[in-house]
Amino acid sequence: EFATDFFTRYREQPFFFYYPTHLIHNPIMRTPDTKPGITDAGALYEDNVAYLDKELGRLVAALDRLGLRERTLIVFSGDNGTSNKHAAGKLTIGGREVNGMKTDMLEGGSRVPLIANWKGAIAGGRVLGDLVDFTDFLATFAEVGGATLPAGVTLDSRSFAPQLRGEKGSPREWVYVEH
C-alpha cells in the first residue's frame, strides 16, 4: 500500500523507489499466505519465494494501473548467492555446475539474479552474460534518468544501460568480491 501511494503521489515526476525485502533470508518465516501446518524449512523457503513473487506482482500491477510502466525501469536483484541446501541437487547454469554457494567467495556465492524490465524500452527474453557490479547501478540509473554524474570524482560505476537497450556497451571483464 505504501508503494502504491508513493507511485500515485509522484507519478507526474521522475522517482526512485527502492524496495528491499527480508523474504528468503534466514530465519525463513511463515508468510501471510503460508498454509497452516507447514513447518518444513524447504516448504517455507518455497512459500517465501512464492510470496515475494506475489508482492512484486502487486507492485508491477500498480505501475500498470497508474500508466507508469512505459517510463519505469524495474530492476530486481538478489544480494548474495544461493545455499545448496535449498536447491534440488547441484546448482547449474546452462548445464555447467556452479562452483561454491552462499557465503563462499566462489561463483556460487557471488552470482545473483539481476532482472531488468522496462515495458517498451527493453526487449524481453534476452539473457546476457555480462558482469555487473552493484556499483554499476549509480551510473546506469543516472544515464537512464538523464542525470549527470559528479565531475572530478573517480567512480567505480559503469553504466549497463546500453546493454539494457540491446547495444554492446562496455561490459566489465572482472568484478571484485570480498567476504
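Rules used in this analysis
Residues numbered from 1 in each chain as written. Predicted model: local features only at pLDDT ≥ 70, side-chain atom pairs only at ≥ 80, totals over all residues. Heavy atoms only, no water. Helix = DSSP H or I, 4+ residues; strand = E, 2+ residues; numbered from the N terminus. Buried < 20%, exposed > 50% of the residue type's maximum accessible area, 1.4 Å probe, protein only. Contact = heavy atoms within 4.5 Å. Areas by Shrake-Rupley, 256 points an atom, 1.4 Å probe, with all protein chains shown as cover. Lys, Arg positive; Asp, Glu negative; His and termini not counted. Charge placed at Lys NZ, Arg CZ, Asp CG, Glu CD. Salt bridge = Lys/Arg side-chain N within 4 Å of Asp/Glu carboxyl O.

A. Up close: the overall build of the protein chain. What the protein chain contains, in helices and strands, is five helices and four strands. Taken from N to C terminus, the helices and strands of the protein chain fall in the order α-α-β-β-β-α-β-α-α. The principal-axis extents of the C-alpha atoms in the protein chain amount to approximately 50 × 40 × 30 Å. Looking at the protein chain residue by residue over its 179 residues, the buried ones come to 26%. In the protein chain, once contacts between residues fewer than 6 apart in sequence are set aside, the share between residues at least 24 apart is 52%. Approximately 12,300 Å² of the protein chain is accessible, and the part contributed by carbon and sulfur atoms is 56%. The distance from the centre of the 20 positive side-chain charges to the centre of the 23 negative ones in the protein chain is 4 Å.

B. A look at the side chain of T140. Mapping T140 onto the fold places it in helix 4 (residues 136-145). In this structure T140 touches R158, S159, F160, A161 and L164, once residues within four positions along its chain are discounted.

C. Quick peek at the environment of G166. Tracing the backbone through its elements, the reader meets G166 in the segment after helix 5 (161-164). G166 sits 40 residues away from R126 along the chain, and the two C-alpha atoms are 8.8 Å apart.

D. Quick look at the environment of D156. If you trace the backbone, D156 turns up in the loop between helix 4 and helix 5. Judged by relative accessible area, D156 falls into the exposed class, the value being 60%. A C-alpha to C-alpha distance of 9.0 Å links D156 and A139, two positions 17 residues apart in sequence. Leaving out residues up to four positions away in the same chain, D156 has contacts with T135, D136 and R172.

E. Region of interest: the pattern of salt bridges. Within this structure, the stated rule accounts for 12 salt bridges. Across the pair E12 and R11 runs a salt bridge whose closest N-O atoms are separated by 3.9 Å. Between R165 and E167 there is a salt bridge; the shortest N-O distance is 3.4 Å. A residue is classified by how much of its surface remains accessible, and R165, at 43% relative accessible area, is partly exposed.

F. View of the environment of S110. As for its placement among the helices and strands, S110 is situated in helix 3 (residues 107-110). Given the relative accessible area of 33%, S110 is considered partly exposed. Those residues within four positions of S110 in sequence are excluded, and the remaining contacts are D104 and V177.

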